[in-house]
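The residues making up each chain are set out below.
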Amino acid sequence: PIIAGNWKMNNTKAQTYALLNDLVPLVADAEAEVVICVPYTSIWAAGEAIKGTNIHLGAENVHWAEKGAFTGEISADMLLEQGVEYVIIGHSERRQYFGETDETVNKRVLTALAKGLKPIICVGETLEEREGGKVEEVLVRQTTEALKGVDKDQLDKIVIAYEPVWAIGTGKTATAQDANDTIAIIRNTIAKLYCPKCAEEKVRIQYGGSLNPKKAKELMSMPQIDGGLIGGASLKAEDQVQRLKSCKIKIKALRKGRFFICNSKLIIIKEDDLKNHLTDTASVYII
Ligand code: PEP
């Protein structure tokens, strides 16, 4: 499985060092692949902080052009030079607020792959589309367009994150069965575009959107779900951070058990201890 944190527009350089200083030892034994996708200004600091560890570095976008007059954008070479391995492409916040389209997603994906970056491609329907019975249509379209021109032998570099827009940062999580069935639509689309084996074995598909302690374990145990993309809900309020800090200190003393993500950090804990340490405001993800 692959668990990726999407920091969104959170964490200064100093906060990045502090957070990763805590995270690195805690995930040293993680069985899942751990990725942090950080803002551009934190990439260098994050790269320093995770050097020699099992944490992989990701960015939150990449432009398709090699270089040039694209104010505010970032190129693949610029990311690669900083040690970036993964890049989120087509996050719904980019689609909603910054005019990202299926076409620009595809351009970014092709450039990322050509340059050796691994794309985490976000797809997902809005509430309106869901209520209008268009989930399949939207996901088939987004997946097909994003993968246009991608070779079969590049598929193992691709991660797809199924993120229903209505679930992102809203506290509304998809049910495990629904997420599983919807991800099956994406996998089936890949099977038709390439081959069933490619869809089964090459592409990892995550679920993302308000994962919470109660639902995460079930979601992550579903056969179609290969991991999670987790956003910044737990970073929103300082009081949550403080509470999470204290829970983390207790948790540190525990021996290896299960993993969860607390304040965007992957933490290892014995399952029995979860209820003693966690509050319902914490964003906790059991894998
Ligand atoms: C995300 O932004 O990718 C995400 C899943 O956000 P959240 O976990 O905050 O819903």
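Our structure's up above, just so we're on the same page.
What counts, and at which threshold
Residues numbered from 1 in each chain as written. Predicted model: local features only at pLDDT ≥ 70, side-chain atom pairs only at ≥ 80, totals over all residues. Heavy atoms only, no water. 1 Å grid on protein atoms, 1.4 Å probe; cavity = no way out; pocket = protein on both sides within 12 Å on 5 of 7 lines; lining within 4 Å. Points joined across faces, edges and corners; volume = space filled by probe spheres on them. Helix = DSSP H or I, 4+ residues; strand = E, 2+ residues; numbered from the N terminus. Nonpolar A, V, L, I, M, F, W, Y, C, P; charged D, E, K, R; others polar. Core = buried A, V, L, I, M, F, W, Y, C linked by side-chain atoms within 4.5 Å. Buried < 20%, exposed > 50% of the residue type's maximum accessible area, 1.4 Å probe, protein only. Contact = heavy atoms within 4.5 Å. Near = heavy atom within 4 Å. Polar contact = N/O pair within 3.5 Å; in protein donor to acceptor, adjacent residues only side chain to side chain. Areas by Shrake-Rupley, 256 points an atom, 1.4 Å probe, with all protein chains shown as cover. Pairing = 2+ DSSP bridges. Axes fitted to C-alpha atoms, helices over the stretch in contact; angles between N-to-C directions.

Caption draft 1: View of the layout of surface pockets. Counted as a void, the second largest pocket has a volume near 460 Å³. Take the lining of the second largest pocket: its biggest share by element is three residues, from helix α4 (residues 92-97). Residues belonging to the lining of the second largest pocket are distributed by class as follows: seven nonpolar, four polar and five charged.

Caption draft 2: Main features of the nonpolar core. Counting 64 residues, the largest nonpolar core has Ile36, Leu79, Ile121, Ile158, Ile160, Ile190 and Tyr207 as the members making the most contacts within it. Each residue touching Leu79, except ones within four places of it in the same chain, is listed here: Tyr40, Ile43, Ala59, Asn61, Val62, Ile74, Val84, Val87 and Leu117. Counting eleven residues, the second largest nonpolar core, distinct from the first, contains Ile2, Cys37, Ile120 and Val159.

Caption draft 3: Broad picture of the site of the ligand. Near the ligand, the surroundings consist of 15 residues, among which Lys8, His91, Glu163, Gly169 and Gly231 are the closest. Contacts to the ligand include Ser210, whose backbone N or O atom sits 2.9 Å from an oxygen atom. Within the backbone of Gly231, an N or O atom sits 2.9 Å from an oxygen atom of the ligand. Here the ligand has 290 Å² of accessible area as a free molecule, and 98% of this is covered by the chains. For the shell around the ligand, a count of residues per class yields five nonpolar, eight polar and two charged.

Caption draft 4: Spatial organisation of the sheet that holds strand β8 (residues 227-230). Spatial ordering of the closed barrel is given by β1-β2-β3-β4-β5-β6-β7-β8, a layout of eight strands whose pairing is parallel. Across the sheet, the mean angle separating the axes of adjacent strands is 25 degrees when strand polarity is ignored. With four bridges joining them, strand β2 (residues 33-37) and strand β3 (residues 55-59) adopt parallel strand pairing. Each residue of the ladder has a partner; that of Ile36, found in β3, is Leu57.

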